[in-house]
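The chain contents come next:
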Amino acid sequence: MAISAVARETVFALRRQIARIEGTLPERLEAPASGAPKAIPGTVRSGFPSGLAKKQIADAAGSGVTPEITIVRRGLAVASPDAFLHTGIERLDTALGGGVPKAALSEIHGLETRDAGAVAGFALSLASLILKQKQGLPVLWIGTAEIFREAGFPYARGLHAFFGIEPEQLLFSEAPKLVDALWIAEEAARMTAFAAVLLEIRGSPRLLDLTATRRLHARAQSAGRPVFLLRQAGQAEPTAAPVRLIVSAAPAASRETLAGALAGSIGRPAFTVDIGKSRTALPGQFTLEWNPDEHAFAERRPEEERAANSVAVVPLSLRGADPAPASGAVLAFPALASPAPILPTACDQPSRQQRPAHRSPRRAG
């Protein structure tokens with residue numbers, strides 16, 4: 001099988017990228033000096049040397065030139081910048097190797113059922129970023145009746161207000177069973193009429209195995225469209241998705257005003273995003289805020305996270321300051337005088353209808 005040669009500059013770019021991920025020492029990334037042995041063209045390839053390379057190696061052995069063979073992992077290629085959906089967060093995009101892949105299956109995972117709202121909100125945020133580039137194309141959301149009954153449907157006015165998505169740009173497909181939802185997702189993933197396809201499932205069903213996710217990933221690659229797998233309360237099982245993001249809700253910060261942060265207010269929605277799996281990234285955690293006005297993400301730094309959570313766990317007393325720090329010696333309570341007898345008043349007297357019940361029993365004889 002003929003395999004094309006890789007340019008020398010591309011090889012060193014790949015070396016630098018791999019070394020940055022693995023933490024290799026910088027001196028190992030230097031290009032060979034001018035006095036170093038010359039490499040034979042055509043010997044840099046994937047796998048073993050070809051017939052032409054073998055002949056050049058044999059000729060170089062007699063001429064005193066030391067051959068250099070760089071083994072490149074099969075299937076490794078330099079992706080174009082347009083192949084990724086940029087989230088706008090430089091640290092997250094760098095960790096993911098450029099962003100969320102467009103023509104691929106990406107998994108957005110919620111560990112618990114209560115995270116379904118955060119997972120859906122994060123997926124709609126990504127869909128909003130995609131619709132900025134794919135004007136006029138709708139987004140298809142696929143799920144079973146159980147999913148939509150448990151998590152509900154997005155609110156139309158909220159779609160427009162928070163994400164800039166018109167109601168007609170988001171299509172829903174409710175399937176009675178998971179096997180039907182998977183069939184719809186596979187057929188929709190091969191179409192270019194959708195800007196993105198969202199498949200929402202619950203738990204860890206057997207039907208969604210490695211083979212099913214491979215089919216979704218392959219069809220997303222052929223169509224050049226992203227497919228997002230939203231998983232509620234499921235285990236992190238092996239899938240063909242190159243990226244798995246674990247999303248949960250983060251505490252909202254205070255609303256910012258001209259005078260500063262407004263105490264006690266609720267600011268923008270926030271997400272805690274963990275990189276659960278990635279072929280180009282190490283595990284990491286990010287706190288992202290969604291700006292509903294600009295329809296863009298913003299990262300919250302750790303110091304801002306501490307400021308957002310700097311509230312008392314137990315509220316103060318309604319009568320004033322917290323009495324706990326001012327507590328001192330415990331004194332005995334003074335003896336209280338016996339209370340005065342309570343005399344009946346006119347309002348305590350029984351009514352005329354109640355008087356027979358209060359009469360003394362009749363005498364015998």
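None of these values were measured; they are calculated from a predicted model.

A.B. asks: Residue-level account of the side chain of N291, with values.
C.D. replies: For N291, the location among the structural elements is in strand β12 (residues 285-291). Among the residues examined, N291 registers a relative accessible area of 6% and is labelled buried. Polar side-chain contacts of N291 include one of 3.0 Å to the backbone nitrogen of D293. Sequence-distant contacts of N291, defined by excluding residues within four places in its chain, comprise R268 and A296.

A.B. asks: Describe in detail the nonpolar core, supporting the description with residues and values.
C.D. replies: Grouped together as the largest cluster of nonpolar side chains are 42 residues, with contacts concentrated most on I108, F122, F228, V247 and F297. In terms of residues, this core owes the most to one element, helix α4 (residues 116-133), which gives 11 residues. I142, L178, A189 and V227 belong to the second-largest nonpolar core, a separate cluster that totals 20 residues.

A.B. asks: A description of the pattern of salt bridges should follow, citing residues and the corresponding values.
C.D. replies: One pass over the structure, following the stated rule, counts 10 salt bridges. Its salt-bridge partner being R219, residue E187 comes within 3.6 Å of it at the nearest N-O pair. Here the residue E187 occupies a position in helix α7 (residues 178-189), and R219 occupies one in helix α8 (residues 210-223), the gap between them amounting to 32 residues. Here E187 falls in the partly exposed class, since its relative accessible area comes to 24%. One salt bridge in this structure joins R300 and E289, with 2.8 Å as the shortest N-O distance. Placement of the pair is R300 in the loop between β13 (296-299) and α9 (302-308) and E289 in strand β12, with a sequence separation of 11 residues. Here R300 falls in the buried class, since its relative accessible area comes to 3%. The exposure class assigned to E289 is buried, which follows from its relative accessible area of 14%.

A.B. asks: Explain the confidence of the model for the protein to me, and be specific about the residues and the numbers.
C.D. replies: A residue-level look at the protein finds 63% of positions with pLDDT of 70 or above and a mean pLDDT of 76. Ignoring residues within four places in sequence, the model shows residues 24-58, a span with pLDDT below 50, making 46 contacts including any to other chains. Low pLDDT, under 50, characterises residues 310-317; the stretch is placed with 2 contacts to residues that sit more than four places away or in other chains.

A.B. asks: Let's hear about α7: which residues, and what values?
C.D. replies: Helix length check: α7 (12 residues) gives 16 Å between terminal C-alpha atoms against 16 Å at 1.5 Å per residue, within 8%. Those residues of α7 that sit buried are L178, A181, L182, A185, E186, A188 and A189. Axial view of α7: buried residues confined to an arc of 170 degrees, hence all on one face. Tucked into the core, α7 has its buried residues touching β4 (139-144), β5 (170-175), β6 (196-202), α8 and β7 (227-232).

A.B. asks: So, the packing of α7 against α8: which residues are in play, and what are the values?
C.D. replies: Two elements in contact, α7 and α8, have axes whose closest approach is 8 Å; the angle formed by their N-to-C orientations is 20 degrees. In terms of axis orientation, α7 runs roughly parallel to α8. Viewed along their axes, α7 and α8 form a crossing whose handedness is left-handed. Contacts between α7 and α8 involve A185, E186, E187 and A189 from the first element and R215, L216, R219, A220 and A223 from the second.

A.B. asks: I'd like a rundown of the packing of aromatic side chains, residues and numbers included.
C.D. replies: Two measures describe an aromatic ring pair: the distance that separates the ring centres and the angle between the ring planes. By the definition in use, this model includes 9 aromatic pairs. Measuring from ring centre to ring centre gives 6.0 Å for F163 and W290, while their planes differ by 35 degrees; the resulting arrangement is tilted. In this pair, F163 sits in helix α6 (residues 156-163) while W290 sits in strand β12, placing the two residues 127 residues apart along the sequence. Just as F163 is buried, W290 falls in that class too. Each residue in the set F122, F162, F163, F271, W290 and F297 is aromatic and connected to the rest through ring pairs, giving one cluster.

Reading the values: rules and limits
- Residues numbered from 1 in each chain as written.
- Predicted model: local features only at pLDDT ≥ 70, side-chain atom pairs only at ≥ 80, totals over all residues.
- Heavy atoms only, no water.
- Helix = DSSP H or I, 4+ residues; strand = E, 2+ residues; numbered from the N terminus.
- Buried < 20%, exposed > 50% of the residue type's maximum accessible area, 1.4 Å probe, protein only.
- Polar contact = N/O pair within 3.5 Å; in protein donor to acceptor, adjacent residues only side chain to side chain.
- Contact = heavy atoms within 4.5 Å.
- Core = buried A, V, L, I, M, F, W, Y, C linked by side-chain atoms within 4.5 Å.
- Salt bridge = Lys/Arg side-chain N within 4 Å of Asp/Glu carboxyl O.
- pLDDT = per-residue confidence, 0-100.
- Expected span 1.5 Å × (residues − 1).
- Arc of directions from axis to C-beta.
- Axes fitted to C-alpha atoms, helices over the stretch in contact; angles between N-to-C directions.
- Parallel < 35°, antiparallel > 145°, perpendicular 65-115°, else oblique.
- Left-handed = near helix turned anticlockwise from the far one by under 90°.
- Phe/Tyr/Trp six-rings, centres within 6.5 Å; stacked < 30°, edge-to-face > 60°.

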